[in-house]
Amino acid sequence: MTSRSNSFSNFSESSYEYDDKDCSTVTTSDRDEPLNPGHRNNSFNGLLGFTFGSKKMRKKKPFCQEKAIVGLALLVIGFVGMNWWMLSRIQNSGRASQVEFRFLEDNSSTLSIREELLRLGLGEERKPQKTIYARLLAKAAHSLAEGQKKSEPKDLWAEPYFVASSWKPCAEQRQWLPSEGKNGYIIVTANGGINQQRVAVCNIVAIARLLDATLVLPKFLYSSVWKDVSQFGEIYQEEHFIDYLKPDIRIVRELPQELQSLDLEAIGSLVTDADVVKEAKPGFYKKYILPILHKNGVVHFLGFGNRLASDPLPPQVQRLRCRCNFHALKFVPKIEETGALLIRRMRQNVTRLGPLDRHLVGPFSKSMLKGEHNRGEKVARYLALHLRFEIDMVAHSLCEYGGGEEERNELELYREIHFPALVELKKTTKLPSPATLKAEGLCPLMPEETVLMLAALGFNRQTRIYLAGAHIYGGKSRLASLTTLYPNLVTKESLLSSSEIEPFMNFSSQLAALDFIVCTAADVFAMTDSGSQFSSLVSGFRVYFGGGKMATIRPNKRRLADIFVKNNTIDWRTFEQRVRKAVRQTKRVFSRPVGRSVYRYPRCKECMCNT
């Protein structure tokens, strides 16, 4: 009620009088005495203050007075009605018919999850559950409805620290001669999704330089989870990759003929993740891998997930990793063209270029400037949101999300299939409770928590939001609070026509590449899980090429958990202040901490120069 009463008290700060002839209003704030401050705390008093607040107000005709009161009553009824409608949409989120979310219905990933749950015997529709954080969501809905024309916080769409602009990209600088690649050939078949594969490619480039080996064009391992057969050349430009890194390492398309017939496993040249410790240091590769190269002339890394430490690494090799990630890996024209189309539609065809556009979509950035530029054209900004709430993340987290016994059974069955080691660990080890995990900030933000964060930060109801991915656990009903409070939420599936997205269907890595482009180019990028590889790569790209102008929201989940636990007692104004403080603290500008990824934290002397 606080925010509602404030809006009515704003009316009462200046009194009005009506002309006897046509009932038109004439402001008389310069002659009227101030209203009683007590009126500010009650909406009914606000109405009284508006009507009767002036002691010097001229006597009005009864008809005009009644007309004014009726008009105000209708305004109040309309305002309350809109609040009621928004809240009813949230509370009835379990009913599919109440939320139109076409792109989720059409998304193949979502359908595959539904089919999997059917196989598990959990195919029935989820019963509508009581909305989590119902009280805070009600206050958020009220605040958004009331603040339609309210200006947003000044630094909401900007990087608040000027020092961020002093860091400039400089990973292109080379201070060595090209490697001859004389010690043999390195093959890598990277596992995981597109983000894990990207990191693996950059790491293997560094290994090839460390061992003075020749790199064969990377291959991607088919994953039963991602179900994408895309290979390196179907996502990244092979010629650019080879030519750009020529001053650093030697790259070939395939092994020499005499090595192709070798049984690499039989001769001991097949190296799996089980053979390499996580975050292995350069000394490991020189001690164990280099002798294999000398003996057999070839080594095949199968998997290669997270198998090179961030530190210590020779400065020029560290710089090579950055050079590969930010400069050598460019998406193929098919992905660039569609990415440019998505960005242009998110900006509502406003003819402007962002600082990262040419690095993301290359020559297709020019297509964003088609048409004449209108000086009066309003800047169309958008927020990109990576909602890390897929079923694999939810199940692996061991947290609870308000679904009760049904949810616990469903996730446990999923774990038995996809995370059997975790199931066994639960049987033999006492793990932290879901409440403890939540308090420690180890649970991904739920959609309900995400919408509360955005509303508290000050994003108004008209904000255009691009949602990366679409296979959210719980589907439409789980997203109801987000889509109701922020109706201008879209995805690639809803922005593209069926013919435009058809070439990418059933290729999850290529679809993820489109998300990467749109999220990286966004005016603001918000993540809900800072440990996500996707969010790390996007935020790092924005730091490297953004010139200190690309704001990124990294929520401190531990602090937010402490705020959310007060759902039933905290008032909205205090909630806003605490959320903004918690998020503002994560926007600090600092150099890369030792041992942290250069892909996520490129502000270091090896990747960027501090001017």
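Residues numbered from 1 in each chain as written. Predicted model: local features only at pLDDT ≥ 70, side-chain atom pairs only at ≥ 80, totals over all residues. Heavy atoms only, no water.

Looking at an unreviewed UniProt entry, one finds the protein named O-fucosyltransferase family protein, with Solanum lycopersicum as its source organism. UniProt, in the comment section headed Subcellular location (unreviewed entry), describes the protein in these words: "Membrane". Listed in UniProt under the heading Pathway (unreviewed entry), the comment for the protein reads: "Glycan metabolism." (UniProt positions renumbered as here; feature names shortened; annotations may be inferred.)

K.L.:
I'd like a description of the state of the cysteines, backed by residues and values.
P.N.:
Within this structure, the stated rule accounts for three disulfides. Covalent S-S linkage joins C170 and C609, the inter-sulfur distance amounting to 2.2 Å. Where C170 bonds to C609 through sulfur, the torsion about that S-S bond is close to 105°, and the disulfide is right-handed. One end of the pair, C170, is in the loop between β3 (167-169) and β4 (185-190); the other, C609, is in strand β15 (residues 608-610), with 439 residues separating them in the sequence. The partner cysteine of C399 in its disulfide is C443, sulfur to sulfur 1.9 Å. An S-S torsion of about -90° defines the bridge between C399 and C443 as left-handed. On the criterion of sequence distance, the pair formed by C399 in the loop between α15 (391-397) and α16 (404-418) and C443 in the loop between α18 (434-439) and α19 (447-457) is long-range, its members being 44 residues apart. Of all cysteine sulfurs, the one in C202 lies closest to C324, which takes part in no disulfide; the gap is 3.5 Å. (Disulfide = S-S within 2.5 Å. Helix = DSSP H or I, 4+ residues; strand = E, 2+ residues; numbered from the N terminus.)

K.L.:
Before we move on, can you summarise the sheet that holds strand β13 (residues 524-527) with the specific residues and values?
P.N.:
Judged by pairing direction, the sheet is parallel, and its five strands sit side by side in the order β12-β11-β10-β13-β14 without closing on themselves. With one partner strand each, in any of the chains shown, β12 (489-490) and β14 (551-553) form the two edges of the open sheet. In the sheet, strand β10 (residues 383-386) pairs with strand β11 (residues 465-468) via four bridges, with the strands oriented parallel. Bridged to L385 within β11 is L467. Here helix α24 (residues 508-521) sits on the sheet and contacts β10, β11 and β13; the angle it forms with β11, its principal contact strand, is near 145°. (Pairing = 2+ DSSP bridges. Contact = heavy atoms within 4.5 Å. Axes fitted to C-alpha atoms, helices over the stretch in contact; angles between N-to-C directions.)

K.L.:
An account of helix α26 (residues 557-564) is needed here, citing residue identities and associated values.
P.N.:
K557, L560, A561, I563 and F564 are the residues of α26 that are buried. Across the axial projection of α26, the buried residues extend over an arc of 160°, all falling on one side. Structurally, α26 contributes buried residues whose contacts are with α18, α19 and α27 (572-584). Taking the backbone nitrogen of R558 as reference, a side-chain oxygen 3.2 Å away marks N556 as the first, capping residue of α26. (Buried < 20%, exposed > 50% of the residue type's maximum accessible area, 1.4 Å probe, protein only. Arc of directions from axis to C-beta. Polar contact = N/O pair within 3.5 Å; in protein donor to acceptor, adjacent residues only side chain to side chain.)

K.L.:
Could you give me a rundown of unusual backbone geometry, with the residues and numbers involved?
P.N.:
Note: most peptide bonds trans; most residues except glycine with negative phi. In this chain, D311 is followed by P312 through a cis amide linkage whose omega measures -10°. Following the sequence through the fold, P312 ends up in the loop between β9 (298-303) and α12 (315-328). The backbone of Q348 shows a phi angle near 55°, a positive value even though the residue is not glycine. Locating Q348 in the fold gives a position in the loop between α13 (333-346) and α14 (357-361). Look at Q348 and you get partly exposed, because its relative accessible area is 48%.

K.L.:
Summarise α27; cite the residues concerned and give the values.
P.N.:
The terminal C-alpha atoms of α27 lie 18 Å apart, and with 13 residues this matches the ideal 18 Å at 1.5 Å per residue to within 8%. On its buried face, α27 is in contact with α6 (134-146), α19, β14 and α26. (Expected span 1.5 Å × (residues − 1).)

K.L.:
A description of the nonpolar core should follow, citing residues and the corresponding values.
P.N.:
If you look at the biggest cluster of nonpolar residues, it comprises 98 residues, and the most contacted ones within it are I186, F241, L245, Y285 and F301. No other element matches helix α7 (residues 194-210), which puts eleven residues into this core. Formed jointly, this core draws a minimum of three residues from each of two domains, domain 1 (129-158 + 332-389 + 444-610) and domain 2 (185-328). (Core = buried A, V, L, I, M, F, W, Y, C linked by side-chain atoms within 4.5 Å. Domains from an automatic or database assignment.)

K.L.:
Quick one: what's the story with the packing of α12 against helix α25 (residues 533-545), residue by residue and with numbers?
P.N.:
Running from N to C, α12 and α25 point in directions that differ by 90°, and their axes come no closer than 11 Å. Classed by the angle they form, the pair α12 and α25 counts as roughly perpendicular. Along the contact surface, α12 presents N325, F326 and H327, while α25 presents L537, G540, F541, Y544 and F545. (Parallel < 35°, antiparallel > 145°, perpendicular 65-115°, else oblique.)

K.L.:
Give a description of the pattern of salt bridges that names residues and reports values.
P.N.:
On inspection of all chains with the given rule, the structure shows 28 salt bridges. With a closest N to O distance of 2.8 Å, D515 and K492 form a salt bridge. Placement of D515 in helix α24 and of K492 in helix α22 (residues 492-495) is noted, with a sequence separation of 23 residues between them. Its relative accessible area of 5% is what places D515 among the buried residues. You can call K492 buried: its relative accessible area is 3%. With its nearest N and O atoms 3.5 Å apart, the salt bridge here joins D562 to K566. Assessed through its relative accessible area of 37%, D562 is described here as partly exposed. For K566, a relative accessible area of 29% puts it in the partly exposed group. Counted as one network, the salt bridges with shared partners bring together R174, D248 and R323. (Salt bridge = Lys/Arg side-chain N within 4 Å of Asp/Glu carboxyl O.)

K.L.:
Kindly report on the packing of α24 against α25, identifying the contributing residues and their values.
P.N.:
Between α24 and α25, the shortest axis-to-axis distance is 9 Å and the interhelical angle comes to 40°. Classified by the interaxial angle, the pair formed by α24 and α25 is oblique. Our pair here, α24 against α25, has a crossing hand that is right-handed. Together, A512, D515, F516, C519, T520 and A521 of α24 and F534, L537, V538, F541 and R542 of α25 make up the contact between the two elements. A per-class count over the contact of α24 with α25 returns eight nonpolar, one polar and two charged. (Left-handed = near helix turned anticlockwise from the far one by under 90°. Nonpolar A, V, L, I, M, F, W, Y, C, P; charged D, E, K, R; others polar.)

K.L.:
Residues and numbers for the packing of aromatic side chains, please.
P.N.:
This structure, assessed with the given rule, holds 24 aromatic pairs. Aromatic side chains F389 and Y401 sit 5.2 Å apart centroid to centroid with 90° between the ring planes, which places their arrangement in the edge-to-face category. A residue pair is termed long-range when its members are at least 10 positions apart, and F389 in the loop between β10 and α15 and Y401 in the loop between α15 and α16 qualify at twelve residues. Per residue, the accessibility class of F389 equals that of Y401, and both read buried. Linked through ring pairs, F220, F232, Y236, F241, F326, F331, F516, F534, F541, Y544 and F545 together constitute an aromatic cluster. One residue, R174, lies across the ring of Y244, its end atom 5.0 Å from the ring centre. Positioned above the aromatic ring of F504 is the side chain of K334, whose terminal nitrogen or guanidinium carbon lies 4.9 Å from the ring centre. (Phe/Tyr/Trp six-rings, centres within 6.5 Å; stacked < 30°, edge-to-face > 60°. Lys NZ or Arg CZ within 6 Å of the ring centre and 35° of its normal.)

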